[in-house]
Amino acid sequence: MSLLFPLALLGIAAIAAPLWLHLRRKTDPRLIRFSTLRFLQDSPSPERRPLRLRDILLFALRCLAVVALALAFAWPFVRESKPTIIRESRVYILDNTFSHQANDGVAKARDRIMREISSLGSDVQVAVVELAGAPIVLAGFGDDRLALEQKLRDLQPSHQRGSYLAAFRQANALLENSFGEKKRIIFQTDNQENQWTEHVHTAPFLQNTEVSISPPLAKLANLSLAFPKLQRIFLGEKSIVTFSAKLSHDGSAPRTEVVLKADGQVLLSKTLDLERKPETVSLQTEWEADANRWISGELTAQYAGDALASDNTLYFTHPPVREGTVAVLAQSAYLRLALSPEVMRGHWGARMIDPAKISEQLASENDAEVLCIESGYLQSPDARKLVWRYLTNGRGVILAANRVSPAVAGALRELGIEADSPAEGKRSGNLVYIASNHPIFHPFRSPDYGNLGEVKVHRHTRLRAAQGMPLVFGESGDVLLFQGTRFPGKLLVCSFGFEREQTSWPLHLTFIPFLDLALQHCRPTGEDGNNFECGETTTISLPQNSSAREVTVGGARFAVNNATAQIRLPDKPGIYEVSFDSAAEPARRFSVNPPPRESQLGYVSNPEAPAIWTVPNEKGPVAQAGTVPASALSRTDIFRQHWWWWLALAGLVALVTEMLWSSARKAQI
Amino acid sequence: MKTTIQGRNRRLIEEFDPRTLAALEGLDLKARYVMEGFLAGLHQSPFHGFSVEFSDYRNYQPGDDLRHLDWRLYARSDRLCIKRYLQETNVRFYVVVDTSASMAYRGSGAWGSKLDHARLLAAALTWFLLRQNDAAGMITLSGGEEVPKFIRPSQRPSQFGLMLRQLEQLTPAGGACLAKLIQHTIRLVHRRSIILLFSDLLEPADDVALGFKQLRFHGHECIIFQILDRDETEFPFTEARVFQDLETGQERNITPAAVRATYLERFNAFMEAWRELFRGLEMAHCVVQTDDNPGRALARFLSERRKYK
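The model shown is predicted, which means the values in this text are computed figures rather than measured ones.

**Side note on the overall build of chain A**
In terms of regular secondary structure, chain A is built from 15 helices and 37 strands. Relative to its full complement of 669 residues, chain A shows a buried share of 48%. A sequence separation of at least 24 residues applies to 75% of the contacts in chain A between residues at least 6 apart. Carbon and sulfur atoms make up 53% of the accessible area of chain A, which amounts to about 32700 Å² in all.

**Regarding the interface of chain B and chain A**
The partner chain A presents 19 residues to the 29 residues of chain B that form the contact. Contact between chain B and chain A buries roughly 2500 Å² in total, counting both sides, with carbon and sulfur atoms accounting for 59%. Put simply, chain B and chain A have 0 salt bridges between them. At the boundary of chain B and chain A, one finds 8 residue pairs in polar contact (both at pLDDT 80 or more). Only α10 (230–234), β8 (241–245), β9 (251–254) and α11 (256–280) of chain B provide two or more residues apiece to the side of chain B that touches chain A. Taken together, the residues that form the side of chain B that touches chain A break down as 15 nonpolar, 4 polar and 10 charged. Taken together, the 4 bridges between strand β2 (residues 31–34) of chain A and β8(B) define a ladder with parallel strand orientation. Paired with Phe34(A) across the strands is Asp245(B), a residue of β8(B).

**Some points on the pattern of salt bridges**
Tallied over the full model, the rule gives 32 salt bridges over all chains. Its salt-bridge partner being Glu116(A), residue Arg90(A) comes within 3.9 Å of it at the nearest N-O pair. Here Glu116(A) lies in helix α3 (residues 105–119) and Arg90(A) lies in strand β5 (residues 88–95), a separation of 26 residues in the sequence. Ionic pairing is found between Glu239(B) and Arg241(B), a salt bridge with its closest N-O pair at 3.0 Å. Judged by its relative accessible area of 49%, Glu239(B) falls in the partly exposed class. Here the residues in one salt-bridge network are Arg87(A), Glu88(A), Arg90(A), Glu116(A), Asp123(A), Lys182(A), Arg184(A) and Glu210(A), joined through shared partners.

**Comments concerning the packing of helix α8 (residues 178–188) of chain B against helix α9 (residues 205–217) of chain B**
All names here are of chain B. The N-to-C vectors of α8 and α9 enclose an angle of 15°; their axes lie 8 Å apart at closest approach. On the basis of their axis angle, the class for α8 and α9 is roughly parallel. The crossing of α8 and α9 is left-handed. Residues Leu178, Ala179, Ile182, Gln183, Thr185 and Ile186 of α8 touch α9, and the partners they reach there are Asp207, Val208, Gly211, Phe212, Gln214 and Leu215. In terms of residue class, the contact of α8 with α9 is made up of 7 nonpolar, 4 polar and 1 charged.

**Regarding unusual backbone geometry**
With a phi close to 60°, Arg276(A) is a non-glycine residue in the positive phi region. If you trace the backbone, Arg276(A) turns up in the loop between β14 (265–273) and β15 (280–288).

**Quick notes on the sheet that holds strand β34 (residues 574–580) of chain A**
All names here are of chain A. In space, the 7 strands of this open sheet follow the order β29-β35-β34-β31-β32-β33-β30, with mixed pairing throughout. Lying at the two open borders of the sheet, with one neighbouring strand each, are β29 (531–533) and β30 (537–541). Sheet twist, expressed as the mean angle between neighbouring strand axes with direction ignored, is 30°.

**Focus on the confidence of the model for chain B**
Regions with low pLDDT should not have their predicted coordinates read in detail. Residues and elements named next belong to chain B. Here chain B averages 78 in pLDDT, and 77% of its residues register 70 or above. Here residues 1–16 scores under 50 on pLDDT; set against residues more than four positions off or in separate chains, the count is 26 contacts. pLDDT under 50 marks residues 40–52. Its contacts with residues more than four places away, or in other chains, come to 22 contacts.

**Let's talk about the nonpolar core**
Among the nonpolar cores identified, the biggest contains 43 residues, and Phe212(B) and Phe235(B) are the most heavily contacted of them. Contributing elements (two or more residues each) for this core: β2 of chain A together with β3 (92–97), α8, β6 (194–199), α9, β7 (221–228) and α11 of chain B. Sorting elements by how many residues they give to this core places α11(B) first, with 8 residues. Setting aside chain neighbours within four positions, we find Phe212(B) in contact with Ile182(B), Leu197(B), Leu201(B), Ile224(B), Trp274(B), Leu277(B), Phe278(B), Leu281(B) and Met283(B). Core analysis: the next-biggest nonpolar cluster, separate from the first, contains 38 residues, Ile398(A), Leu452(A), Val472(A) and Phe498(A) among them.

**Focus: the sheet that holds strand β5 (residues 149–154) of chain B**
All names here are of chain B. In space, the 6 strands of this open sheet follow the order β5-β4-β3-β6-β7-β10, with mixed pairing throughout. A strand with exactly one partner marks an edge of an open sheet, and here the two such strands are β5 and β10 (284–289). When strand polarity is set aside, the average angle formed by the axes of neighbouring strands in this sheet is 15°. Alignment of β3 against strand β4 (residues 135–140), held across 6 bridges, turns out to be parallel. Following the sheet pairing, tyrosine 94 is matched in β4 by glycine 137. Set on the sheet, α11 makes contact with β7 and β10; between it and β7 the angle comes to about 165°.

**Comments concerning the confidence of the model for chain A**
For chain A, per-residue confidence averages 85 on the pLDDT scale, and 93% of positions sit at 70 or higher. Segment residues 621–625 of chain A is flagged for pLDDT under 50; beyond a separation of four residues in sequence, or across chains, it makes 6 contacts in the model.

**Topic: the environment of Met271(B)**
All names here are of chain B. Position of methionine 271 among the secondary structure elements: in helix α11. Take methionine 271: its relative accessible area is 4%, and that puts it in the buried class. Separated by 69 residues in the primary sequence, methionine 271 and leucine 202 place their C-alpha atoms 9.5 Å from one another. Residues in contact with methionine 271, not counting those within four places in the same chain, are Gln226, Leu228, His285 and Val287.

**Focus: helix α4 (residues 145–153) of chain A**
Residue and element names in this part refer to chain A. Buried within α4 are the following residues: Arg145, Leu148, Glu149 and Leu152. Within α4, the buried residues cover an arc of 100° as seen down the axis, which keeps them to one side. Those residues of α4 that are buried are in contact with β5, α3, β6 (124–131) and β7 (135–139). Near the N-terminus of α4, the side chain that reaches the backbone nitrogen of leucine 146, with its oxygen 3.2 Å away, is that of aspartate 144.

**Focus on the side chain of Thr552(A)**
All names here are of chain A. By the secondary structure assignment, threonine 552 is in strand β31 (residues 550–553). The class for threonine 552 is buried, based on a relative accessible area of 13%. With residues up to four places along the chain from it excluded, the contact list for threonine 552 reads Arg557, Glu577, Val578, Ser579 and Asp581.

**Some details on α8(B)**
Residues and elements named next belong to chain B. The buried fraction of α8 is high, at 8 of 11 residues. Taken as a whole, α8 has its buried residues at Leu178, Ala179, Leu181, Ile182, His184, Thr185, Ile186 and Leu188. Elements in contact with the buried residues of α8: β3, β4, β5, β6 and α9.

**Focus: the environment of Asp229(B)**
All names here are of chain B. Tracing the chain through its elements places aspartate 229 in the loop between β7 and α10. Along the chain, aspartate 229 and aspartate 292 lie 63 residues apart, while their C-alpha atoms are 9.4 Å from each other. Apart from residues no more than four positions distant in its own chain, aspartate 229 is found in contact with Tyr105, Arg106, Gly107, Ala110, Lys114, Gln289 and Thr290. A distance of 2.9 Å separates a polar side-chain atom of aspartate 229 from the backbone nitrogen of glycine 107. Looking at aspartate 229, its side chain comes within polar contact range of the main-chain nitrogen of aspartate 231, at 2.9 Å.

**What to know about the packing of helix α1 (residues 16–23) of chain A against helix α2 (residues 56–74) of chain A**
A pair of packed helices is captured by two measures, namely the crossing angle of their axes and the spacing between those axes. Residues and elements named next belong to chain A. Remark: α1 packs on α2, axes separated minimally by 9 Å, with the N-to-C direction vectors making an angle of 165°. As far as their axial angle goes, α2 and α1 are roughly antiparallel. At the point where α1 passes α2, the crossing takes the right-handed sense. Here Pro18, Leu19, Leu21 and His22 of α1 lie close against α2, whose contacting residues are Leu58, Phe59, Arg62 and Cys63.

The rules we used
Residues numbered from 1 in each chain as written. Chains lettered and ligands numbered in written order. Predicted model: local features only at pLDDT ≥ 70, side-chain atom pairs only at ≥ 80, totals over all residues. Heavy atoms only, no water. Helix = DSSP H or I, 4+ residues; strand = E, 2+ residues; numbered from the N terminus. Buried < 20%, exposed > 50% of the residue type's maximum accessible area, 1.4 Å probe, protein only. Contact = heavy atoms within 4.5 Å. Areas by Shrake-Rupley, 256 points an atom, 1.4 Å probe, with all protein chains shown as cover. Buried area = accessible area lost by both parts, 1.4 Å probe. Salt bridge = Lys/Arg side-chain N within 4 Å of Asp/Glu carboxyl O. Polar contact = N/O pair within 3.5 Å; in protein donor to acceptor, adjacent residues only side chain to side chain. Nonpolar A, V, L, I, M, F, W, Y, C, P; charged D, E, K, R; others polar. Pairing = 2+ DSSP bridges. Axes fitted to C-alpha atoms, helices over the stretch in contact; angles between N-to-C directions. Parallel < 35°, antiparallel > 145°, perpendicular 65-115°, else oblique. Left-handed = near helix turned anticlockwise from the far one by under 90°. pLDDT = per-residue confidence, 0-100. Core = buried A, V, L, I, M, F, W, Y, C linked by side-chain atoms within 4.5 Å. Arc of directions from axis to C-beta.

Below, the structure written as structure tokens:
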């Protein structure tokens, strides 16, 4: 015998009331309170009866009524131990990815699952898998359904993206250990199109499993912001921040109010007309900001009919400028001047390497973050070793191919670059086809920093790399600038030298910003990632001299191991401070935003993937008779037992009898 | 005095209805009801104006108010004399009320408890005294407290309200406290005064008697209003009951028929002892029944008051 609401047993304490009624001394109605008994002192004193229960039967009746009613409210039930054939094993997958929040989809799906579970009998085994960032088993087949209901009730909507395939694999693993004659997966989802198409070519793995998928949603209007990009550019002493983001819309919003806030100030507030605009609009702006402070803020785009409002705010952070070190092994006067302290003070500290002392530099192991070298120096074996060391140690190298001799061509070949010597001396004209999405050239979309198309290259070397990413092409179609991807360090190769006879770039407005951005891009990574997705797991590096033992992000603590910490970003979008140990000042700031793909609210009606994942024509295992665990009794089963009814009836009968009895006694008195 | 009460006041006394008094709200109204009725009966009585009558002469001294100079005497005898009046020689009255628990007793025929009766008489007399430009004060021990409430005597009109409030706050509680109350009175009252004591005197007589003797020794005049219920004086109970002492909580099984004679014998002896004591101390002793007209007590008071003129 168990109780559904054991706390109701506290009601038995109400027995104290009849106990007091039957123990108390009643006031004698024949008592006369007289002013004085000093003239009647010789009269006898009345005898006082000891404390004892009166009317035992009436008392017992009242106690019975109290106990019976308390027990009835506690709702007793009996757990049957007889074996039950399990007809069906059923796994519910609740899609708790960010896209399912649209139109309150997660809450509706959760309520649907709770309703279905409460109506199921004990011959159906139930498990529930929640799909957030990763599939989580909320309740296995043996778990208590009441506890499961509580877990479902406490479920919070997630802002993460999780894989449908992973959820099905988790459900399949549960079903493999189930007893049910019939196996079934019920997927409560929004049927997001990009999720179903993502793993459509996965090999079949569902055997004898019936898959039911909730009907797709109607198309919902959504407007979202994603991909924040911030960069600092220095124009003389001015530190400019360029910010860009992508605004996606499905055409249902005619216009939106865009507001940009940074460090508590509204920098931009503008109504954006979206009619006849492409589905993805690139937003870009810039403002002047202190180079020594963190930048954090948010961009919002409001639209009243939005089904998914959480992706209408985009958070961003950017660190302050940290002075980098650059080693220069170049004869170009323009390059040396551009990297001199007068120009790059506060941003870059340049160390000029004496060509005669490259071996000393090689021996010192005091490398800068970026090495700027002209290809002519690659004739020296020490220079080649130095470049190789920079690249293999994860540092950056900017290589200007000002001269290509056979020895240099050999050195370039070691780096995976083929130099085509006949092209040397060819006039290539202006820069064309610039990869404007690349971090180096992204800010140049704004005309404020000059027009790269005006830069002329008079002479260049035709270079080819199997492992490289072209960034700038010349009018002849040759690659003038590319990024090597062979090494851990970043290699930026320029097919011309920064001399006056080879290019007009050093004299152009764009040169200093380009050089600064190129150096920033090539410097070792570690702190360049400050924008993450909700629930993302990442590794952060602590400063080498740090003795911190733990890292705190949004209230959660993570252990530090070998100056690195693996952290998990919070589930909710926002700006979070990262602090080491109990330091008051935050060391870094992270912005956390929902996954952009989850904002694409395109749905499919009959997804192809479940059919592909299912193995056809195989007979399922023979059903095994299992004993239903006692805790698996559903509330419906408990309500079907009528113990509470009989107890309530007994309590009422006792109460009625007591009332009649008491009335009769009063009439007698 | 006796003639006065039996005169026009007879009708007033006969017309007194305890139910009317019980129905009146507020001590102020009750006191006025009693006193106005009483004074209406005294309209032609010898007591009228006794407090504003001429007393004697004294020689004129520079600075005296010339309004009080007897010009006729000056014309006749060529002497400058100032007339003196009785009201210039008024005395101080102290109202002392016993609040022991026995004062809470109310018999079946009474309009209120003994304390209600004491309150009413005290309020009526206060109103009367203040109207006659006498100074009235009060000493009480309320609800078994140790520290007495003391109102300094005064002739101001506001004194009546002050004393009424104090009287209304009195609650019967605790055991015998009369001896203590008298001791407080001796300690607090220094000048010769008239003490109006309201009590049922149902306490051990020795300590209280000592207190009365000390009061007398200090030169105070005392008028004792002993308030008793008809149940106490006649013990009219018939059925056997459990009696509980209001002050001690003691309980006794009483068969009235069997003990009535003994009770009345002891009660009369007790009353006789008080009478003997007050007679010896030359104190006025006025027994007031709770179902009786309070005007009787007032008449008795006035006759005593006349003695002190």
